[in-house]
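# Reading the structure
Residues per chain are reported as follows:
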Amino acid sequence: MRNHRLHPAIFICAFVLVLCFTTGPSAKVEWEILKDITLTDEPRDIAVAPEGATAFILCGKSVQVYSVRENKVTWNIPLTGDFSQIAVAPSGEQLFLTNAAGKQLSVIQISQVYDIPKGTSPVIGKADAPVTVFAFLDYQWPYCSRIYPVLEQLLKKYPEKVNMVIKHFPLRMHKFAEKASIAALAADKQGKYEELTVVLLKNFKSLNDATIKKHAETVGLNMEQFNKDMNDPALKKQVQGDMQLGNSVKVRGVPAIFINGRTAKQRSLEGFSAMVEQELKKK
């Protein structure tokens, strides 16, 4: 009796036929050409950053950086070598350029520096300090409460060189975070911004309408003026503006710390200090 076997190719074809008849309704593909962009150099390869908002186009003499949001090339990285392929690290902070023929690998470290305006936000510390720490905070979030003392230590370490600007980023899941932000800005009208900020962050677990007023009294605010300022639509608008700013610089969670526009990833006094020293060297 013969042992009949299906040829592998026949099995694969049968599987494909079954798949074709069991995938459900047919679908069509639609497309739209958003924009044709003329590059200043000959393109050779392209890699998209993991966050999907940036594309790196390897050209003959440069890497051209394309912003998906802005729909244009925003800046160029000049190259000295001849490369044929490009890849992006999962972190999005390193580019790997290769040349198979020349057996060459080049690694480029990249970082974005955001132009974050101080705007009308209160400045904690020396106003004209060369280094500014921008802290996107939620007054009702424990991680913000923990990072703030570290930022205070940084200001004490560099009293003449570093100041801090808080950008308010209340999370939706925190019912009283926005009110706490507005309260801090109302306190600024009476010169008590920093004092109320410290108290609110220390008591983040118990914030509500009553305790926010209680803390305002504790730091010595004129409560009649405070209650009036709490209803000032300009303060709520300022908080909303801070949130829009945070979204524009890719804040995905708080606390988000930037030092002269650079994202701080080592959230310790040593890590912050190292970034400050780098900025001071540039000055």
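The preceding data block contains the structure.
Scope of this entry: the structure provided in the associated data block.

Moving on, we get to the overall build of the protein. Across its full length, the protein holds eight helices and 12 strands. In terms of overall dimensions, the protein has C-alpha extents of about 95 × 50 × 40 Å along its principal axes. In the protein, buried positions account for 41% of the 283 residues. Look at the contacts in the protein between residues 6 or more apart in sequence, and 59% of them connect residues 24 or more apart. By element, 55% of the accessible surface of the protein is carried by carbon and sulfur atoms, the whole surface being about 17,400 Å².

Across six bridges, strand β6 (residues 94-99) lies against strand β7 (residues 104-109) in antiparallel orientation. Bridged to Phe-96 within β7 is Val-107.

Turning next to the pairing of strand β2 (residues 54-59). In terms of burial, β2 is largely enclosed, as six of its six residues are buried. Of the two faces of β2, both are covered, the one formed by Thr-54, Phe-56 and Leu-58 as well as the one formed by Ala-55, Ile-57 and Cys-59. Bridge count for strand β1 (residues 43-48) against β2 is five bridges, and the pairing is antiparallel. Bridged to Val-48 within β2 is Ala-55. Counted along the chain from β1 to the antiparallel partner β2, the turn is five residues long, and its residue Gly-52 has a positive phi close to 80°. The pairing of β2 with strand β3 (residues 62-67) spans five bridges and is antiparallel.

In this section: helix α8 (residues 269-282). The end-to-end C-alpha separation of α8 is 20 Å, in line with the 20 Å expected for 14 residues at 1.5 Å each. For α8, the complete set of buried residues consists of Gly-271, Phe-272, Ser-273, Met-275, Val-276 and Glu-279. Buried positions along α8 lie against β9 (131-137), α2 (142-157), β10 (162-168), β11 (256-259) and β12 (262-263).

Here Met-275 is to be found in helix α8. A C-alpha to C-alpha distance of 24 Å links Met-275 and Glu-51, two positions 224 residues apart in sequence.

It is worth spelling out the nonpolar core at this point. Phe-136, Tyr-139, Phe-226, Phe-258 and Phe-272 are the most contacted members of the largest nonpolar core, which totals 59 residues. Setting aside residues no more than four positions away along its own chain, Tyr-139 makes contact with Ile-166, His-168, Ala-180, Ser-181, Ala-184, Tyr-193, Thr-197, Leu-200, Leu-201, Phe-204 and Leu-207. Listed in part, the 15 residues of the second largest apolar core include Ala-49, Leu-58, Val-63 and Ile-86.

Strands belonging to one sheet form pairs held by backbone hydrogen bonds; the direction of such a pair is parallel or antiparallel. Here five strands make up an open sheet; going across it, the order is β8-β10-β9-β11-β12 and the pairing mixed. Edge strands, defined here as strands with exactly one partner in the open sheet, are β8 (123-125) and β12. Docked against the sheet, α8 engages β9, β10, β11 and β12, running at close to 25° with respect to β11.

Here we come to the pattern of salt bridges. For the structure shown, the criterion picks out 10 salt bridges. Residues Lys-167 and Asp-242 are paired through a salt bridge, measuring 3.9 Å at the closest nitrogen-oxygen approach. With Lys-167 in strand β10 and Asp-242 in helix α7 (residues 233-248), the pair connects residues that are 75 residues apart, well separated along the chain. Of the residues examined, Asp-242 reaches a relative accessible area of 4% and is grouped as buried. For Lys-179, the salt bridge identified is with Asp-209, shortest N-O distance 2.8 Å. Here Asp-209 lies in helix α5 (residues 209-218) and Lys-179 lies in helix α3 (residues 177-188), a separation of 30 residues in the sequence. The partly exposed category is assigned to Lys-179, whose relative accessible area is 34%.

What counts and what doesn't
Residues numbered from 1 in each chain as written. Predicted model: local features only at pLDDT ≥ 70, side-chain atom pairs only at ≥ 80, totals over all residues. Heavy atoms only, no water. Helix = DSSP H or I, 4+ residues; strand = E, 2+ residues; numbered from the N terminus. Buried < 20%, exposed > 50% of the residue type's maximum accessible area, 1.4 Å probe, protein only. Contact = heavy atoms within 4.5 Å. Areas by Shrake-Rupley, 256 points an atom, 1.4 Å probe, with all protein chains shown as cover. Pairing = 2+ DSSP bridges. Expected span 1.5 Å × (residues − 1). Core = buried A, V, L, I, M, F, W, Y, C linked by side-chain atoms within 4.5 Å. Axes fitted to C-alpha atoms, helices over the stretch in contact; angles between N-to-C directions. Salt bridge = Lys/Arg side-chain N within 4 Å of Asp/Glu carboxyl O.

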